[in-house]
Amino acid sequence: CPEGKFNAKEGQTACVACPAGTFQRLRGNISCDICPAKYYCEEGTFEPALCPPATYSNKEGLESNISCTSCSLAPLHRRSLVVGGTPLEHPRQLQW
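Residues numbered from 1 in each chain as written. Predicted model: local features only at pLDDT ≥ 70, side-chain atom pairs only at ≥ 80, totals over all residues. Heavy atoms only, no water.

## Thoughts on the state of the cysteines
Thinking step 1. Throughout the structure, instances matching the rule amount to four disulfides.
Thinking step 2. The side chain of C35 participates in a disulfide bridge whose partner is C41; the two sulfur atoms lie 2.2 Å from each other. With the S-S bond torsion at 75 degrees, the cross-link from C35 to C41 turns out right-handed.
Thinking step 3. Given the relative accessible area of 0%, C41 is considered buried.
Thinking step 4. Here C51 connects covalently by a disulfide to C68, the sulfurs 2.1 Å from one another. The sign of the -80 degrees torsion about the S-S bond sets the C51-C68 disulfide as left-handed. Remark: C68 occurs in the loop between strand 7 (55-56) and strand 8 (69-70) and C51 occurs in the loop between strand 6 (49-50) and strand 7; sequence separation between them is 17 residues. For the pair shown, C51 and C68 are each scored as buried.
Thinking step 5. For the protein chain, the bonded cysteines pair up as 1-2, 3-4, 5-6, 7-8 when numbered in the order they occur along the sequence. (Disulfide = S-S within 2.5 Å. Buried < 20%, exposed > 50% of the residue type's maximum accessible area, 1.4 Å probe, protein only. Helix = DSSP H or I, 4+ residues; strand = E, 2+ residues; numbered from the N terminus.)

Listed below in structure tokens is the structure:
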């Protein structure tokens, strides 16, 4: 099977797209990997995509970019200023 798809059953001829929230970078695998934190993975993904600017995620398995949390919704001390960033733990981490 190509990247982004898998074949879980021996003898199965059809490949199945990795479900949203998972990805597969390699050909010929029998399963998909969970999308890591800071990223989202739509159905059939072979490479996780970073959360858009002004958003973040500290959870695995996001299924789309709308699953990323807006930094404006995060508590002030947990906001990120980088694309796909992990929320900052303390405002003093900001370097201007």
